[in-house]
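Architecture at a glance
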Amino acid sequence: MNMEETRQLIDKLFEQADLEDAQLESLIDGRTDEAASYLFEKARVRRNENYGNKVFLRGLIEFTNYCRNNCYYCGIRCGNTGCERYRLSTQQIAQCADQGYELGFRTFVLQGGEDPYYTDEMIAGIVRQLKEAHPDCAVTLSIGERTKETYRLWYEAGADRYLLRHETADKAHYEKLHPASMSFENRMRCLYDLKEIGFQTGAGMMLESPFQTTANIVKDLRFMQDLKPEMIGIGPFIPHKDTPFRDHEAGSAKLTLFMLGILRLMFPEALIPATTALGTVDGRGREKGIEAGANVVMPNLSPAGVREKYLLYDGKICTGDEAAVCIDCMKRRIASVGCEAVVARGDVKGYAGRKLSGKAMTDTRQVIMP
Ligand code: SAM
Ligand code: FES
């Protein structure tokens, strides 16, 4: 495909937010630097129409690295006996959030392995406590697969959003990335349950994970067109030395960036982060992600002492810094590409009022971070 044909496809994607399967495949496979910069220009137009040049910050609290699952790619899988495990107490989580609030965060993301130590009620209690302490903040959970009843309990406790990457929308591919104890159907069921309950729901996939094909990626896009997630998180697969995938190659920043551009055109209103994994494979990955159409970053609020233990993959960045250092660094990076970090919950467009209550209902202002 020459540049003129590529340009026409990108224009069509810009106008219609969709292409045929074969066109998507040839756009992805035929990507060049020239095509990427045209795609990113269009992606920025769509992002700016919906969110301006604002980038939302999420304070990430990685509160446990215990996990009952054994995903082949993941550094904190239960089979990794070399991983030093930790859990944060309810009080430590509250302290992280308090510190984050002072720094200007208005969303807290509680992420962890699937750790049965935290009962459903404990998680509900933590959510309630965070919402009471900071009623103008959103709480996002990212703690894996649960029953619909549990998700509902957490939603009613006040959780606003839930991140659960589908990882791959192709069952055969899913089964190459996960042991037989894990089920593709259950992951899908969880995502549809989360949507139905009313969570702002995040799906997404690793790129260039072992055995992934371009046809798999197109299937991911089709699945997300059906699910309609409010948030889409993607990042390159990166090997971890103590996992079965240790010898597989890391994904490239280039494909993740190109897919960020495509996602922005296909899902113009989605909240799309420039992820830590992208910043790990490329020192300017997160800035480039914003230039490709992303509008969210998730600096780490976990206590510095535990960060190097939440190692999903080798070489993970930002494991040594204090939260205040991380946020200053992020703000500079965001400003360097002409965008602004804002103090705001950063809900998906059109969401305000759907699940806001009390003080939060009136507090939807966006303040540019100092
Ligand atoms: N347990 C929760 C879950 O399953 O959704 C949240 C934690 S899980 C570690 C968060 C995400 O990390 C996964 O959805 C996966 O996409 C990503 N991840 C895990 N291992 C990775 C690796 N080796 N390279 C890149 N991303 C990875
Ligand atoms: Fe559970 Fe990675 S295997 S978080």
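Residues numbered from 1 in each chain as written. Chains lettered and ligands numbered in written order. Predicted model: local features only at pLDDT ≥ 70, side-chain atom pairs only at ≥ 80, totals over all residues.

**Looking at the site of ligand 1**
Stated precisely, the cut-off is as follows: Near, for a residue, is defined by distance from a backbone-placed C-beta atom to a molecule or strand, with 6 Å as the limit that must not be exceeded. Amino acids are sorted into nonpolar (Ala, Val, Leu, Ile, Met, Phe, Trp, Tyr, Cys and Pro), charged (Asp, Glu, Lys and Arg) and polar (every other residue, Gly among them).
Near ligand 1 lie 19 residues; those nearest to it are Cys74, Gly144, Arg165, Leu312 and Tyr313. Class assignment of the residues belonging to the shell around ligand 1 gives a composition of 10 nonpolar, six polar and three charged.

**Description of helix H8 (residues 184-197)**
As a reminder of what qualifies: The secondary structure listing takes helices from DSSP runs of H or I that are at least 4 residues long and strands from runs of E that are at least 2 residues long, numbered from the N terminus. Multiplying one less than the number of residues by 1.5 Å gives the expected span of a helix. Neighbour counting defines burial: a residue surrounded by 20 or more other C-beta atoms within 10 Å of its own C-beta is buried, one with 12 or fewer is exposed, and intermediate counts give partly exposed, using backbone-placed C-beta atoms. Arc definition: it is the arc formed by the directions from the helix axis to the C-beta atoms. Once C-beta atoms have been placed from the backbone, residue pairs whose C-beta atoms lie within 7 Å are recorded as contacts.
Compared with an ideal rise of 1.5 Å per residue, which puts 14 residues at 20 Å, H8 spans 20 Å between its outermost C-alpha atoms and is within 8% of the ideal. Along H8, the residues that are buried comprise Arg187, Cys190, Leu191, Asp193 and Leu194. Axial view of H8: buried residues confined to an arc of 165°, hence all on one face. Residues of H8 that are exposed and point more than 90 degrees away from the buried face comprise Glu185 and Glu196. Looking at the buried side of H8, the elements it contacts are helix H6 (148-157), strand S5 (161-163), strand S6 (200-203) and helix H9 (214-227).

**Looking at the packing of helix H3 (residues 33-51) against helix H10 (residues 253-266)**
Quick note on the threshold: Note on method: axes are straight lines fitted to C-alpha atoms, helices fitted across the in-contact stretch only, with angles between N-to-C directions ranging 0 to 180 degrees. Convention used here: angles under 35 degrees read as roughly parallel, angles over 145 as roughly antiparallel, angles from 65 to 115 as roughly perpendicular, and any remaining angle as oblique. Take the far helix as your reference; a near helix turned counterclockwise from it by less than a right angle gives a left-handed crossing, and one turned clockwise gives a right-handed crossing.
Axis separation between H3 and H10 bottoms out at 8 Å; the angle between their running directions is 40°. Put simply, H3 runs oblique to H10. By crossing handedness, the relation of H3 to H10 is classed as left-handed. Of the residues in H10, those in contact with Ala36, Leu39, Phe40, Lys42, Ala43, Arg46 and Arg47 of H3 are Leu257, Phe258, Gly261, Arg264 and Leu265. Residues that form the contact of H3 with H10 fall into these classes: seven nonpolar, one polar and four charged.

**Some points on unusual backbone geometry**
Notably, Glu167 is not glycine yet its phi reads approximately 75°, a positive angle. Within the fold, Glu167 resides in the loop between S5 and helix H7 (171-177). In this structure Glu167 comes out as buried when scored by C-beta crowding, with 23 C-beta atoms within 10 Å. Although it is not a glycine, Lys228 adopts a positive phi angle of roughly 60°.

**Looking at helix H4 (residues 90-103)**
Along an α-helix, residues three or four apart share an orientation, since each turn contains 3.6 residues. The first and last C-alpha atoms of H4 sit 20 Å apart over 14 residues, in line with the 20 Å expected at 1.5 Å per residue. Residues of H4 that are buried: Ile93, Cys96, Ala97 and Gly100. Viewed along the axis of H4, the buried residues span an arc of 95°, placing them on a single side of the element. Along H4, the residues that are exposed and aim more than 90 degrees away from the buried face are Gln91 and Glu102. Lining the buried residues of H4 we find strand S2 (59-64), strand S3 (107-112), helix H5 (120-133) and helix H14 (323-336).

**Observations regarding the confidence of the model for the chain**
What counts is decided by this rule: Each residue carries a pLDDT value, the predictor's own confidence for that position, ranging from 0 to 100.
Here the chain averages 95 in pLDDT, while 95% of its residues score no lower than 70. Every residue in residues 358-365 scores below 50 in pLDDT, and together they form 10 contacts with partners more than four places removed in sequence or on other chains.

**Some remarks on the sheet that holds S6**
Keep this limit in mind: Note on pairing: two strands pair once DSSP finds at least 2 bridges between them.
With parallel pairing, six strands are arranged side by side in an open sheet as S2-S3-S4-S5-S6-S8. Both outer strands of the open sheet, S2 and strand S8 (231-232), are each paired with one neighbouring strand and no more. Taken together, the three bridges between S5 and S6 define a ladder with parallel strand orientation. Its bridge partner lying in S6, Arg161 is registered against Gln200. Here H4 sits on the sheet and contacts S2 and S3; the angle it forms with S2, its principal contact strand, is near 170°.

**Points about the pairing of S6**
Along any regular strand, the residues point their side chains to alternate faces of the sheet. Burial along S6 is two-sided: Gln200 and Gly202 facing one way and Thr201 and Ala203 facing the other are all buried. Sheet topology places S6 next to S8; two bridges connect them, and they run parallel. Considered in S8, the bridge of Ala203 is made with Ile232.

**Examining the environment of Arg106**
Inspection of the secondary structure assignment puts Arg106 in the loop between H4 and S3. For Arg106, a count of 23 C-beta atoms within 10 Å corresponds to the buried category. In the structure, Arg106 is positioned 238 residues away from Ala344 in sequence and 5.5 Å away in space, judged by C-alpha atoms. In contact with Arg106, not counting residues within four places along its chain, are Asp136, Cys137, Ala138, Val343, Ala344 and Arg345.

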